[in-house]
Amino acid sequence: SWIAPHLNGSFLMARECMPYLRAAKGSIVNMTSTRAYQSEPDTYGYAAAKGGIIGLTHALAIGLGPDVRANAIAPGWINSTGDVLSGEAHAQHPVGRAGEVEDIVDAVVYLSGAGFVTGQVLTVDGGMRRRGYDGVVLAAPTSVPYARYSNETAHWWIARALRAMLGKAGIAPGDLDGFSVSSFS
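Residues numbered from 1 in each chain as written. Predicted model: local features only at pLDDT ≥ 70, side-chain atom pairs only at ≥ 80, totals over all residues. Heavy atoms only, no water.

Asks: Run through the pattern of salt bridges, naming residues and quoting values.
Replies: Under the definition given, this model contains four salt bridges. For Arg15, the salt bridge is made with Glu16, and the minimal N-O distance between the two is 3.1 Å. Exposure remark for Glu16: the relative accessible area of 44% places this residue in the partly exposed category. Put simply, Glu40 and Arg35 hold a salt bridge, and the shortest N to O gap is 3.5 Å. As far as the burial class goes, Glu40 and Arg35 line up, both buried. (Salt bridge = Lys/Arg side-chain N within 4 Å of Asp/Glu carboxyl O. Buried < 20%, exposed > 50% of the residue type's maximum accessible area, 1.4 Å probe, protein only.)

In structure tokens:
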């Protein structure tokens with residue numbers, strides 16, 4: 001099931017962290033997907049879960065504001081495996097390349113600190129959604145099973161983004177002894 005790890009996991013994490021987020025005047029950055037807007041065949045559960053995260057993000061922004069801001073990122077094709085992609089794969093994107101993990105990390109860092117931004121979905125897809133869908137099937141490299149690609153990659157992005165934000169704030173990982181974040185996938 002795609003709903004439980006994605007939509008339920010996002011809801012449960014927000015619910016459990018609410019007291020801490022309110023006290024810190026924190027920020028939630030959910031991971032949705034461009035698949036919430038442009039689905040591929042046989043991705044019903046995934047598209048529904050990611051669309052649900054968009055609705056959840058809006059509701060959190062209104063319900064938790066002004067103490068907590070909530071936004072989401074909708075990644076497009078992100079080459080998280082480091083696979084060598086063809087020139088054709090890169091050329092599909094108006095920016096001339098597929099996305100990289102650092103693109104998502106940058107977006108998380110931006111939304112975490114953007115004090116006047118809440119309830120928004122930031123699409124990070126190299127312009128593909130604006131270009132329009134012309135029948136080109138965009139998918140993860142075939143060497144990576146789709147379920148592993150989306151679940152493990154999202155957790156990796158989050159971990160990388162957290163490390164970047166902590167470093168920016170001058171907090172060393174050892175300073176967080178006793179603190180843990182649970183995953184619901």
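Asks: Describe in detail helix α1 (residues 3-24), supporting the description with residues and values.
Replies: One turn of the α-helix equals 3.6 residues, which is why residues spaced by three or four share an orientation. Here α1 is 22 residues long and its end C-alpha atoms lie 29 Å apart, about the 32 Å a rise of 1.5 Å per residue gives. Residue Met18 marks the point of greatest curvature in α1, where the axis turns by about 60°; the proline Pro19 follows within four residues. Count one or two residues on from α1 and you reach Lys25, which has phi positive near 55°. (Helix = DSSP H or I, 4+ residues; strand = E, 2+ residues; numbered from the N terminus. Expected span 1.5 Å × (residues − 1). Bend = angle between axes of the 7 residues up to and from the residue.)

Asks: Run through the packing of aromatic side chains, naming residues and quoting values.
Replies: Enumeration according to the criterion identifies one aromatic pair in this entry. For the pair Trp2 and Tyr46, a centre-to-centre distance of 5.0 Å together with 80° between the ring planes defines the contact as edge-to-face. In this pair, Trp2 is assigned in the segment before α1 and Tyr46 in helix α2 (residues 44-64), connecting sequence segments 44 residues apart. Between Arg129 and the ring centre of Tyr37, over which it is positioned, the NZ or CZ distance is 3.7 Å. (Phe/Tyr/Trp six-rings, centres within 6.5 Å; stacked < 30°, edge-to-face > 60°. Lys NZ or Arg CZ within 6 Å of the ring centre and 35° of its normal.)

Asks: Describe in detail helix α4 (residues 101-113), supporting the description with residues and values.
Replies: Under the 1.5 Å per step criterion, the end-to-end length of α4 is 19 Å for 13 residues, consistent within 8% with the ideal 18 Å. Of the residues making up α4, those classed as buried are Val101, Ile104, Val105, Ala107, Val108 and Leu111. All buried residues of α4 lie within an arc of 160° about the axis, which places them on one face of the element. Residues Asp106 and Gly113 are exposed on α4 and point more than 90 degrees away from its buried face. (Arc of directions from axis to C-beta.)

Asks: Break down the nonpolar core for me, with residues and values.
Replies: Listed in full, the 12 residues of the largest apolar core are Met31, Ile73, Ile78, Val101, Ile104, Val105, Ala107, Val108, Leu111, Ala114, Val117 and Val124. Top element by residues in this core is α4. It accounts for six residues. Membership of the second largest hydrophobic core comes to 10 residues, among which are Ala14, Met18, Leu60 and Leu64. (Core = buried A, V, L, I, M, F, W, Y, C linked by side-chain atoms within 4.5 Å.)

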